[in-house]
Amino acid sequence: MQNQNQHNQRKAARIHEATFEPRIKKYFFWSGILILAVTVVGIILIPIWAIAGRMYINKYYDALFCELTTRALSFRKGVLFKTERTVPLDKIQDLTFKEGPVLRYFGLSSLYIETAGQSAQQSSDMTLIGIVDAHKFRAMVMDQRDNVTDHQSNSTSSEDSEHSLAPILKEINENLKKIENKLTNN
C-alpha cells in the first residue's frame with residue numbers, strides 16, 4: 001500500500017513549489033540567541049551560536065522544500081536531523097495561520113497543516129514557517145484539496161451506479177438455478 005502511494009505521488013504533477021522568506025534565517029538565529037540567553041549554560045554558548053549557528057541556519061534554509069502536487073503536499077527540512085513528510089490532500093482537514101509577536105516582527109507566519117485522525121492534543125502534522133505569500137499558498141492547497149475530494153466523491157458515486165448489485169445478484173441467482181437443476185437431475 002505504501003509503495004502504491006509513493007508511486008502515485010511520483011506520478012502526480014507539480015502545481016506549485018513554495019519558496020521561503022530569507023527573513024526566516026534571522027528569525028531562527030535570534031530565536032536561538034533568546035533560548036540560549038534564558039539558560040545559565042546557554043549564555044556561555046551564545047558566541048558559538050553566533051558563528052556556527054549562521055552556517056547551520058544557511059544549510060537549514062537551503063534544505064527547506066515544500067511542493068504542492070495534484071495529489072499531495074510534500075515538505076522536507078533539516079540538516080542533521082532530516083524530516084520529509086508527504087500528506088495526501090484528501091487527508092488535510094485545515095491549514096491554520098499563526099502569527100505571534102516574534103513572527104510578526106520578522107514579517108513571517110506559520111502555517112499548520114491539520115490532517116484527518118489527528119487528535120486535539122496532538123501537534124500539527126506539518127508546520128511551515130516563512131512561506132512566501134503564505135495566504136496565496138494556503139488558498140492553492142485548499143482549492144486543490146477540494147478538487148481532489150470532489151473528484152473522489154464523484155467517481156465513487158458514478159462507480160456505485162455502474163456497479164449496482166442488481167446484475168451481480170441476477171448472475172448469482174442464475175448460477176444457483178443451474179446448480180439446483182444439476183442436483184435434481186442427478
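Residues numbered from 1 in each chain as written. Predicted model: local features only at pLDDT ≥ 70, side-chain atom pairs only at ≥ 80, totals over all residues. Heavy atoms only, no water.

(A) Representation of the packing of aromatic side chains within the structure. One pass over the full model with this rule turns up six aromatic pairs. Centroid distance Tyr-27 to Phe-28: 5.5 Å. Interplanar angle 55°. Geometry classified as tilted. Centroid distance Tyr-27 to Phe-106: 6.0 Å. Interplanar angle 75°. Geometry classified as edge-to-face. Remark: Phe-106 occurs in the loop between helix H4 (101-105) and strand E6 (110-115) and Tyr-27 occurs in helix H2 (residues 23-37); sequence separation between them is 79 residues. Assessed through its relative accessible area of 13%, Phe-106 is described here as buried. Members of the aromatic cluster, connected to one another through ring pairs, are Tyr-27, Phe-28, Tyr-56, Tyr-60, Tyr-105 and Phe-106. Between Arg-76 and the ring centre of Phe-65, over which it is positioned, the NZ or CZ distance is 4.3 Å. For the cation-ring pair, Lys-98 lies above Tyr-112, with the distance from its terminal atom to the ring centre recorded as 4.9 Å. (Phe/Tyr/Trp six-rings, centres within 6.5 Å; stacked < 30°, edge-to-face > 60°. Helix = DSSP H or I, 4+ residues; strand = E, 2+ residues; numbered from the N terminus. Buried < 20%, exposed > 50% of the residue type's maximum accessible area, 1.4 Å probe, protein only. Lys NZ or Arg CZ within 6 Å of the ring centre and 35° of its normal.)

(B) View of unusual backbone geometry. One non-glycine residue with positive phi stands out, namely Asp-133, at about 55°. Tracing the backbone through its elements, the reader meets Asp-133 in the loop between strand E7 (126-129) and helix H5 (134-162). Residue Asp-133 is classed as partly exposed on the basis of its relative accessible area of 47%.

(C) Representation of the sheet that holds strand E1 (residues 14-18) in the model. Here four strands make up an open sheet; going across it, the order is E1-E2-E3-E4 and the pairing antiparallel. Each having just a single partner strand, E1 and strand E4 (83-88) make up the two edges of the open sheet. This sheet shows a mean twist of 15° between the axes of neighbouring strands, independent of strand direction. Both E1 and strand E2 (residues 65-69) contribute to a ladder of four bridges, which runs antiparallel. Residue pairing across strands places Ala-18 opposite Cys-66, the latter belonging to E2. (Pairing = 2+ DSSP bridges. Axes fitted to C-alpha atoms, helices over the stretch in contact; angles between N-to-C directions.)

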